[in-house]
Amino acid sequence: MAIRDIEREHLDAAIREFDTTDRKAMLDTYGFGVSTGYLVHLNGRFYDPKALIGVAHKYATGRALTASDFVTDNARARLKALGVPVVKFKGLWWVNQGTNYATERDGGYVWAGQRAKNGKVVPSWSNVMKLQEGQLILHYANKQIAAVGTVHGHPREATDPESNLFEQYASAGYLCPIDYRELTNPIPASEFPAELLATAPFDKNGKVNQGYLYPIGDDHILDVLAFLDARIPGLLEGTFTHRSHYEDQHSAELAGSYESDPIFESLLQFKNIVLEGVPGTGKSYAIENIARQWSSRTGRSLHDFDGRPYRTVVMHPSTSYEDFIEGLRPIPSVRGDEPGYFDETPARDTSFAVADGFFVEVCRAAVRAPHEDVLVLLDELNRCNIPSVFGDLLLTLETSRRATFRSTGPSNGSARDWTTTTTARLPYSGRTFFVPENVYVVATTNTTDRSVAPLDAALRRRFAFHRLEPELTQVTAPSILSSTDRELFQRGARILESVNDHALRPCLGPDALLGHSYFYAMAAALNDRSRDPADVIASHWKYTILPQLIDSVRALNADDILDRHTRPAWFDTHAEIEKKALDRAMDALGALDDYLAEALGLMLIVEGTGLARGARIAGIEVGDPSSDDESILDDSDEPAGVES
């Protein structure tokens, strides 16, 4: 039996089980995560749709499905067929506005400073930057929930929009456009349920915390939504009394910023792009930036995949055509005692059936949502065997050969509503396949990885290529650090930038460089006030930056440039490097040596012979700039300030 065999009585039985069991315990028992994009809304209560279908399958067949057995689209389709309402829901926040409520309501935004005038940073202020389009906000003012807002656009850094109205903040801050629905019957604090009082906006005594913006966590959110749904008719219908005009007022400014984004421009033009570069240049992060811009730039929304605006797959050497397009997959027989974990004996009586792969699922979502765009990330594309994985898909992937939506009326969610001159016949199922025009593909490749073959020429003809370079000049230390720790952080970024520009690029080539994301990860870790900043900086250098540096030069057989003892001999054997460039390289690498020794108690040394020769990281006494062999400690004797 399959999901399509689930009937309403099976679903009702699952709902009764949900109603009598704690949500977290229920999800943990059946192996589901919290729904982040949709909820079932039935009889004044809310449920996780995928988990609901998974449990209903137990009542239909005797076996519950797990999250890996099917996708959310299957659950939504069955719920729709059974007449069960499924609503979009991306999250719920609480904002304390007080006397500023009317100003922010009329302006159509929420705003908080980056720091107070005395320099203090409050975490609840920076939460503004975590808001996502479509999320709901409860606006608390005058001891009542006065309005429900919906996030209208993407948050951004912005100065005080009311010119010093918010006296407690410095002028620099964070702003997010909000559509407000002011309540005809505000909800007073005296009527808040216990479930709401147990969430982040309230302290242990049920009093409102003195902050600005707080998320309503997963533990109580469904009960809170049920309470709000009973008090606010049409809670999720998107009815507003005060629309945000902020996006319109700044549209020219935004358009100007978009014009300078060549990656976005290429994706719109070619529909298929490859982002290539060395590790740490933000290739995977780039798709987040694309998703944030999409609605404002194109006027179309992105299709939602389990709460995310794009679908991702990580390619690897074992990725096959069967994984990516379609293939025969083993289907275990359904038994009541079927093992559920890897340490149990697998079922022996299995059958096989044709199953859709990643990209066919993506294209199916695209043809069923013709008025949305579908964004796809193929991460680490060059790790797979491209001709084998893509097969005849490459022809249909071309921009000029994409299918066009032809229906003038409402779509019935079928590929038959599309027209194209180029199709492929899927080998296992015999079905006709094409790529819809609303599919946009972003792929990433790691140019440092020498263990994989160059990209297939057929693929290069059908993708636009962008190389992302390190941008260490944009790295800044967290403002919470002391001046000494900020200088330690910034000095390291400046030195690595110099090593990139004056040693690695001119001597070894562009694929030897190190990216900037290592410092963004370091900056994020430095926000943890429980750890000593010097320890955090030293550990990131020792365990992430320097190992990557060693790996980059080792791939080019140039370990000797990392040790101040062996460096001169290496440069002597490379007479093609000009004297001026050699001097700059020696200075940059020497500054790295000094920084590691004096500030971090670390040192790079090269040992061994032949194929076994290579660099390693050693500890020395902090503050000792010498490079004599006797300054090197035994591996078991870690210097102070460095994590072991």
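Look a little higher up for the structure.
What you see is a predicted model; the values in this text were computed from it and never measured.

Right, let's get into the environment of Thr319. Within the fold, Thr319 resides in the loop between strand 12 (311-314) and helix 13 (321-324). As for Thr319 and Ile386, which are separated by 67 residues in sequence, their C-alpha atoms are 9.3 Å apart.

Here we take up the nonpolar core. Grouped together as the largest cluster of nonpolar side chains are 52 residues, with contacts concentrated most on Leu504, Phe519 and Trp541. If you list the elements that add at least two residues to this core, you get helix 18 (483-508), helix 19 (517-525), helix 20 (533-554), helix 21 (567-572), helix 22 (579-600), strand 22 (602-607) and strand 23 (614-619). With ten residues, the single largest contributor to this core is helix 18. Those residues within four positions of Leu504 in sequence are excluded, and the remaining contacts are Val499, Gly509, Ala512, Leu513, Leu514, Leu549, Val553 and Ile561. Core analysis: the next-biggest nonpolar cluster, separate from the first, contains 34 residues, Leu393, Leu426, Val441 and Leu459 among them.

Right, let's get into the packing of aromatic side chains. Under the criterion given, the structure shown has 17 aromatic pairs. Taken together, a centroid distance of 6.0 Å and an interplanar angle of 80° make the contact between Phe519 and Trp541 edge-to-face. With Phe519 in helix 19 and Trp541 in helix 20, this pair connects stretches of sequence that are 22 residues apart. Here Trp541 falls in the buried class, since its relative accessible area comes to 1%.

One can find Trp570 in helix 21. When its relative accessible area of 8% is taken as the criterion, Trp570 is described as buried. The contact partners of Trp570, leaving out residues within four places of it in the chain, are Cys507, Leu508, Asn557, Ala558, Asp560, Ile561 and Ile577.

All right, on to the sheet that holds strand 15 (residues 374-379) then. The parallel open sheet is built from five strands, whose spatial order is 12-15-20-11-21. Two strands bound the open sheet, and with one partner strand each, they are strand 12 and strand 21 (464-467). Direction aside, neighbouring strands of the sheet carry axes that sit 20° apart on average. Where strand 11 (residues 272-277) meets strand 20 (residues 439-446), six bridges bridge the pair, whose relative direction is parallel. Bridging across to strand 20, Gly277 finds its partner in Asn446. Along the sheet, helix 11 (residues 262-270) contacts strand 11, strand 15, strand 20 and strand 21; its crossing angle with strand 11, the most-contacted strand, is approximately 145°.

Tracing the backbone through its elements, the reader meets Asp304 in the loop between helix 12 (283-298) and strand 12. Although Asp304 is buried, it makes no salt bridge; Lys90 carries the closest opposite charge, 4.3 Å away. Within the local environment of Asp304, its side chain forms a polar contact with the backbone nitrogen of Asp306, the two atoms lying 3.4 Å apart. Not counting chain neighbours up to four residues away, the residues in contact with Asp304 comprise Gly37, Tyr38 and Lys90.

Moving on, we get to the pattern of salt bridges. When their charged atoms lie close together, side chains carrying opposite charge are able to pair. Following the criterion strictly, the structure yields 31 salt bridges and no others. For the salt bridge of Arg311 with Glu361, the shortest nitrogen-to-oxygen distance reads 2.9 Å. Linking Arg311 in strand 12 with Glu361 in helix 14 (residues 358-368), this pair joins segments that are 50 residues apart in sequence. Residue Arg431 pairs with Glu326 through a salt bridge whose shortest N-O separation is 2.9 Å. Taken together, the residues span a long stretch of sequence, with Arg431 in the loop between strand 18 (424-425) and strand 19 (432-433) and Glu326 in strand 13 (residues 326-332) at a distance of 105 residues. Residue classification places Glu326 among the buried residues on the basis of a relative accessible area of 0%.

This part is about the sheet that holds strand 3 (residues 86-88). With antiparallel pairing, the three strands of this open sheet are ordered in space as 2-1-3. At either margin of the open sheet sits one strand with a lone partner, and together these are strand 2 (45-47) and strand 3. Taking each pair of neighbouring strands and ignoring which way they run, the sheet shows an average axis angle of 40°. Examined bridge by bridge, strand 1 (residues 38-42) and strand 3 share three bridges and lie antiparallel to one another. Its bridge partner being in strand 3, Tyr38 is matched across the sheet by Lys88. Contacts between helix 1 (residues 8-19) and the sheet are confined to strand 1 and strand 2, with strand 2 contributing the most and set at about 100° to the helix. Against the sheet, helix 8 (residues 221-231) makes contact with strand 1 and strand 2, and its axis sits at roughly 145° relative to strand 2, the strand it touches most.

This part takes up the packing of helix 18 against helix 19. Relative orientation of the contacting elements helix 18 and helix 19 amounts to 175°, with a least axis distance of 11 Å. Put simply, helix 18 runs roughly antiparallel to helix 19. Packed against helix 18, whose contacting residues are Phe489, Gly492, Ala493 and Leu496, the element helix 19 presents Phe519, Met522 and Ala523 at the interface. A breakdown of the residues in the contact of helix 18 with helix 19 according to their chemical character gives six nonpolar, one polar and no charged.

Let's shift gears to the packing of helix 3 (residues 49-61) against helix 4 (residues 72-81). Between helix 3 and helix 4, the least distance of the axes is 9 Å, while the angle of their chain directions is 75°. As judged from the angle between their axes, helix 3 and helix 4 are roughly perpendicular. For the pair formed by helix 3 and helix 4, the contact residues are Pro49, Lys50 and Ile53 on the first element and Thr72, Ala75, Arg78 and Leu79 on the second. Residue classes in the contact of helix 3 with helix 4 are distributed as four nonpolar, one polar and two charged.

There is a patch of nonpolar side chains on the surface, built from Leu328, Phe352, Val354 and Tyr428 and spanning about 390 Å² of accessible area. Looking at where Val354 falls in the secondary structure, it is placed in strand 14 (residues 350-356). Its relative accessible area of 37% is what places Val354 among the partly exposed residues.

Between its first and last C-alpha, helix 20 extends 30 Å over 22 residues, near the 32 Å set by a 1.5 Å rise per residue. The sharpest bend along helix 20 reaches about 40° and sits at Trp541.

What counts as what
- Residues numbered from 1 in each chain as written.
- Predicted model: local features only at pLDDT ≥ 70, side-chain atom pairs only at ≥ 80, totals over all residues.
- Heavy atoms only, no water.
- Helix = DSSP H or I, 4+ residues; strand = E, 2+ residues; numbered from the N terminus.
- Core = buried A, V, L, I, M, F, W, Y, C linked by side-chain atoms within 4.5 Å.
- Buried < 20%, exposed > 50% of the residue type's maximum accessible area, 1.4 Å probe, protein only.
- Contact = heavy atoms within 4.5 Å.
- Phe/Tyr/Trp six-rings, centres within 6.5 Å; stacked < 30°, edge-to-face > 60°.
- Pairing = 2+ DSSP bridges.
- Axes fitted to C-alpha atoms, helices over the stretch in contact; angles between N-to-C directions.
- Lys, Arg positive; Asp, Glu negative; His and termini not counted.
- Salt bridge = Lys/Arg side-chain N within 4 Å of Asp/Glu carboxyl O.
- Polar contact = N/O pair within 3.5 Å; in protein donor to acceptor, adjacent residues only side chain to side chain.
- Parallel < 35°, antiparallel > 145°, perpendicular 65-115°, else oblique.
- Nonpolar A, V, L, I, M, F, W, Y, C, P; charged D, E, K, R; others polar.
- Patch = residues over 30% accessible without salt bridge, like charges linked within 9 Å, V, L, I, M, F, W, Y side chains within 5 Å.
- Areas by Shrake-Rupley, 256 points an atom, 1.4 Å probe, with all protein chains shown as cover.
- Expected span 1.5 Å × (residues − 1).
- Bend = angle between axes of the 7 residues up to and from the residue.

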